[in-house]
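Structural overview for review
Each chain, written out:
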Amino acid sequence: MKIKVLKKSKINNSLKIEICKLKKTFWNYSLKSHIEWFENNIKKDDIHILLFNEKKLIGYNLLRKRNYYLVFNKNIKKNFYYFDTLIIKKEFRKKNLSKKILNRSLSLSRKNNLPLILICKKKNINFYEKFTFKLLKKNNFKFMDHKFTSFSMIYAKKITKYLISNKIHLYLN
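Now for a quick tour of the structure. Just so we're clear, the structure is a prediction, and the values are computed from it rather than from any experiment. Here the residue index of a chain counts from 1 through its sequence in written order. It should be noted that, the model being predicted, local features are given only for residues of pLDDT at least 70 and side-chain atom pairs only at 80 or more, the latter also being counted only at that level, while totals for whole chains, interfaces and linings use all residues. Hydrogens and water are ignored here; the side-chain numbers use all heavy atoms of the structure.

1. A closer look at the packing of aromatic side chains
- Planes of paired rings set the category: under 30 degrees apart is stacked, over 60 is edge-to-face and the rest tilted, where pairs are Phe, Tyr or Trp rings (Trp by its six-membered ring) whose centres lie within 6.5 Å. Taken as a whole and judged by the stated rule, the model has seven aromatic pairs.
- Seen from their ring centres, Phe 83 and Tyr 128 are 5.9 Å apart, and the 80° between their planes marks the pair as edge-to-face. Of this pair, Phe 83 sits in strand E4 (residues 73-88) while Tyr 128 is found in helix H4 (residues 125-129), placing the two residues 45 residues apart along the sequence.
- For every residue, the accessible area (1.4 Å probe, protein chains only) is compared with the maximum for its type, and the residue is labelled buried under 20%, exposed over 50%, or partly exposed between those bounds. You can call Phe 83 buried: its relative accessible area is 4%.
- Of the aromatic side chains, those joined through ring pairs into one cluster are Phe 83, Phe 127, Tyr 128, Phe 131, Phe 133 and Tyr 155.
- A ring is scored as having a charge over it whenever the NZ atom of a lysine or the CZ atom of an arginine sits within 6 Å of its centre and within 35 degrees of its normal. The side chain of Lys 4 reaches across the aromatic face of Phe 52, ending 5.4 Å from its centre. Strands are runs of DSSP state E lasting at least 2 residues, helices are runs of H or I lasting at least 4, and numbering of each runs from the N terminus.

2. Re helix H3 (residues 97-112)
- Between its first and last C-alpha, H3 extends 23 Å over 16 residues, near the 22 Å set by a 1.5 Å rise per residue.
- Those residues of H3 lying buried are Leu 97, Ser 98, Ile 101, Leu 102, Ser 105, Leu 106, Leu 108 and Ser 109.
- Trailing H3 by a residue or two, Asn 113 shows a phi angle of about 55°, which is positive. To estimate how far a helix should reach, multiply one less than its number of residues by 1.5 Å.

3. Brief notes about the nonpolar core
- Take the buried residues of types Ala, Val, Leu, Ile, Met, Phe, Trp, Tyr and Cys, join any two whose side-chain atoms come within 4.5 Å, and each joined set is a nonpolar core. Of all hydrophobic cores here, the largest spans 25 residues; its most connected members are Leu 63, Leu 116, Tyr 128 and Phe 133.
- If you list the elements that add at least two residues to this core, you get strand E2 (47-53), strand E3 (56-70), E4, H3, strand E5 (116-120), H4 and strand E8 (151-155).
- The element best represented in this core is H3, accounting for five residues.
- Here a residue-residue contact requires only that any non-hydrogen atoms of the pair lie within 4.5 Å. Those residues in contact with Phe 133, other than ones at most four positions away along the chain, are Leu 102, Leu 106, Leu 116, Leu 118, Tyr 128, Met 153, Ile 154 and Tyr 155.
- The next biggest cluster of nonpolar side chains, apart from the first, holds 15 residues, and it includes Ile 19, Leu 22, Ile 42 and Ile 87.

Pasting the structure below:
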């Protein structure tokens, strides 16, 4: 198993299609829709973490570099990684491979001193807590350009009250 970390400029068309095919196994949209979403929403500083078994893509994680603002002072703009998409090919699940990808994401978060923020279903909270993600209170954050009813969690090199207790506005686009 080999992990590669790439930015958008290093993803060729063939690899983009493989990523979209993998995503399609979980999110039931057409391949064309996945490709259009990729082209329209992935920015140059977003990070793709790819897990290969020999030369076959079997796992993927996307860290989208985005902004948040503190509500009490809109002039304070901070960056974070939106932890978007963690997927392992079906026949490779239950082999702890998601941990390999997740650990690389955490390492990048620490190295770049940017928190990771994710959105998940209730059933996944315990999994992410094992990696020291903390649940965010719903009344402390607001996604300004998306509507979510799920749960949000944060990981940071140093989780402080600043990150947990301040009201923040996040932007994903």
